[in-house]
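So the chains spell out like this:
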Amino acid sequence: QVQLVESGGGLVQPGGSLRLSCAASGNIINLDTVGWYRQAPGKQRELVAVIISGGTTNYADSVKGRFTISRDDAENTVNLQMSSLKPEDTGVYYCRLQQYWTRGDSWGQGTQVTVSS
């Protein structure tokens, strides 16, 4: 299946910004669904943001207004722009690709985001 590689994670101060990127080894088409998930220590993995065909987006209530998901199918990338970061945003962030035609379901290895002073 498609290989996904996340990048852009790191340490950032509260109130700061960070941009995560996910690069896919295969082609992403407009019918595919792409999203970002995160997992905090001691917590289950949760959906952060998702974008489907046509550009429709959905966000977790906790990040709405602060995070923006985007996709560039021509470049086979998925991005997550994070602003006004809070310590509660700390966790491992994962990229996910759900392919429409093949029903493929691919996950990246995750990238660590730490929001702390």
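Above this text is the structure in question.
Residues numbered from 1 in each chain as written. Predicted model: local features only at pLDDT ≥ 70, side-chain atom pairs only at ≥ 80, totals over all residues. Heavy atoms only, no water.

Caption draft 1: Inspection of unusual backbone geometry at higher detail. Phi angles above zero are rare outside glycine, and N76 is one such case at about 55°. Phi at S84 takes a positive value of approximately 50°, unusual for a residue other than glycine. Within the secondary structure, S84 sits in the loop between β8 (77-82) and β9 (91-98). Its relative accessible area of 40% is what places S84 among the partly exposed residues. (Helix = DSSP H or I, 4+ residues; strand = E, 2+ residues; numbered from the N terminus. Buried < 20%, exposed > 50% of the residue type's maximum accessible area, 1.4 Å probe, protein only.)

Caption draft 2: Structural detail: the pairing of β9. With six of its eight residues buried, β9 lies for the most part within the structure. In the sheet, β9 pairs with strand β11 (residues 111-115) via three bridges, with the strands oriented antiparallel. If you follow G91 over to β11, its bridge partner there is V113. Pairing geometry for β9 and strand β10 (residues 105-107), over three bridges, is antiparallel. Within the sheet, the bridge partner assigned to L97 lies in β10 and is S106. In sequence, β9 turns back onto β10 through a hairpin of six residues, with R103 there showing a positive phi of about 65°. (Pairing = 2+ DSSP bridges.)

Caption draft 3: Main features of the state of the cysteines. Overall, the coordinates contain one disulfide when judged by the stated rule. The disulfide that involves C22 links it to C95, with 2.3 Å between the sulfurs. For the disulfide bridge between C22 and C95, the dihedral angle about the S-S bond is near -85°, and by the sign convention the bridge is left-handed. A residue pair is termed long-range when its members are at least 10 positions apart, and C22 in strand β3 (residues 18-24) and C95 in strand β9 qualify at 73 residues. Accessibility expressed as a relative area gives 2% for C22, which makes it buried. (Disulfide = S-S within 2.5 Å.)

Caption draft 4: The sheet that holds strand β7 (residues 67-72), seen in detail. Across the sheet, which stays open at both edges, the four strands sit in the order β1-β3-β8-β7 with antiparallel pairing between neighbours. If you trace the sheet from one side to the other, it starts and ends with β1 (4-7) and β7, each paired once. The mean angle between the axes of side-by-side strands here comes to 15°, regardless of whether they run parallel or antiparallel. As defined by bridge partners, β7 adjoins β8 across six bridges and the pair is classed as antiparallel. Its bridge partner lying in β8, D72 is registered against T77. (Axes fitted to C-alpha atoms, helices over the stretch in contact; angles between N-to-C directions.)

Caption draft 5: Main features of a nonpolar patch on the surface. On the surface, I29, L31, Y100 and W101 cluster together into a nonpolar patch covering about 410 Å² of accessible area. Relative to the assigned elements, W101 resides in the loop between β9 and β10. (Patch = residues over 30% accessible without salt bridge, like charges linked within 9 Å, V, L, I, M, F, W, Y side chains within 5 Å. Areas by Shrake-Rupley, 256 points an atom, 1.4 Å probe, with all protein chains shown as cover. Salt bridge = Lys/Arg side-chain N within 4 Å of Asp/Glu carboxyl O.)

Caption draft 6: Representation of the pattern of salt bridges in the model. Evaluated as defined, the whole model comprises four salt bridges. Between E46 and R38 there is a salt bridge, and its shortest N-O distance comes to 2.9 Å. A single salt-bridge network, built from bridges that share partners, covers R38, E46, R66 and D89.

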